[in-house]
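Listed here are the chains, written in short residue letters.
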Amino acid sequence: QRSNSSPMNRICTTIGPVNSKRLPNGRITPNEKHSKGHSNSIPRGNAEDYMNYKTVQRIDATVNEILKTVSSVSVYEYLESSEAWERTSIEGTLFIYKRSSSPFYAFLILNRLSNENLQMQLQQEVLVHTQYPFVLLRKTATDKVYGLSFTDETTCYE
């Protein structure tokens, strides 16, 4: 049995001690106190890191640091009315990143199929569960449930 340490679980663990509280039921709640004055730090490294940073920055100007990149993710949405998963038209590269303003963490799936991207700022309570091939996300404010489908098991649990 693999541990429940997907990219989203790790980011929630990262959020936990820094600026939010993990409840016994696994929910993350934001903490109002967080240090201010972060500046965006352009990555010093290879050209791909720089290009990824600039791509995310075009969509979210408050990006501070990209924490994880996954090259291929598909998005499913759970429809409660039919109790079924429906594949959305969102498929592409996943970026998990820190932001310089509240909410301080977010993810973006840069869609290869259209201009409709999926961006979720991790400000509200979010439930996260990993069960290959999915990382399941439930944003309690909207009650929407998304399944991020990964192409390989290792990447799903990383």
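The shown structure was predicted, so the numbers you read here are calculated from the model rather than taken from an experiment.

S.K.: Can you break down the pairing of strand β9 (residues 144–150) residue by residue, with the values?
M.R.: Side-chain positions along a regular strand alternate between the two faces of the sheet. Among the seven residues in β9, six count as buried, and that is most of the element. Relative to β9, strand β8 (residues 134–139) is paired through six bridges, and the arrangement is antiparallel. Residue Leu137 lies in a different strand from β9, and its bridge partner there is Tyr146.

S.K.: Account for the pairing of strand β7 (residues 126–131), with residues named and values stated.
M.R.: Only one face of β7 is covered, namely the one carrying Val126, Val128 and Thr130; the face carrying Leu127, His129 and Gln131 has none of its residues buried. Relative to β8, β7 is paired through six bridges, and the arrangement is antiparallel. Bridge pairing in β8 places His129 opposite Leu136.

S.K.: Residue-level account of the packing of aromatic side chains, with values.
M.R.: Think of a pair of aromatic rings as described by two things: how far the centres are apart, and how the planes are tilted against each other in angle. Applying the stated criterion to the full structure yields three aromatic pairs. When the centroid spacing of 5.4 Å and the interplanar angle of 90 degrees are considered together, the rings of Tyr76 and Phe134 count as edge-to-face. Of this pair, Tyr76 sits in strand β3 (residues 63–79) while Phe134 sits in strand β8; the two residues are 58 residues apart in sequence, bridging distant segments of the chain. Among the residues examined, Tyr76 registers a relative accessible area of 18% and is labelled buried. The class for Phe134 is partly exposed, based on a relative accessible area of 21%. An aromatic cluster of at least three residues, connected via ring pairs, comprises Tyr76, Tyr78, Trp85 and Phe134.

S.K.: An account of unusual backbone geometry is requested, with residue identities and associated values reported.
M.R.: Looking along the chain, the bond that leaves Ser102 and enters Pro103 is cis, with omega of -5 degrees. Secondary-structure assignment places Pro103 in the loop between β4 (84–99) and β5 (105–111). Positive phi, close to 50 degrees, is recorded for Glu83, a residue that is not glycine. Looking at the element boundaries, Glu83 is found in the loop between β3 and β4. Taking the relative accessible area as the measure of exposure, Glu83 reaches 62% and is therefore exposed.

S.K.: Describe in detail helix α2 (residues 47–59), supporting the description with residues and values.
M.R.: Spanning 13 residues, α2 covers 19 Å between terminal C-alpha atoms, matching the ideal 18 Å at 1.5 Å per step. Taken together, the buried positions of α2 are occupied by Asn52, Tyr53, Thr55 and Val56. Buried residues in α2, looked at end-on, bunch into an arc of 160 degrees, giving them a common side. Facing away from the buried side of α2, by more than 90 degrees, are the exposed residues Ala47, Met51 and Arg58. Residues of α2 that are buried make contact with β3, β4 and β5. With a side-chain oxygen positioned 3.1 Å from the backbone nitrogen of Glu48, the residue opening α2 is Asn46.

The rules behind these values
- Residues numbered from 1 in each chain as written.
- Predicted model: local features only at pLDDT ≥ 70, side-chain atom pairs only at ≥ 80, totals over all residues.
- Heavy atoms only, no water.
- Buried < 20%, exposed > 50% of the residue type's maximum accessible area, 1.4 Å probe, protein only.
- Helix = DSSP H or I, 4+ residues; strand = E, 2+ residues; numbered from the N terminus.
- Pairing = 2+ DSSP bridges.
- Phe/Tyr/Trp six-rings, centres within 6.5 Å; stacked < 30°, edge-to-face > 60°.
- Expected span 1.5 Å × (residues − 1).
- Arc of directions from axis to C-beta.
- Contact = heavy atoms within 4.5 Å.
- Polar contact = N/O pair within 3.5 Å; in protein donor to acceptor, adjacent residues only side chain to side chain.

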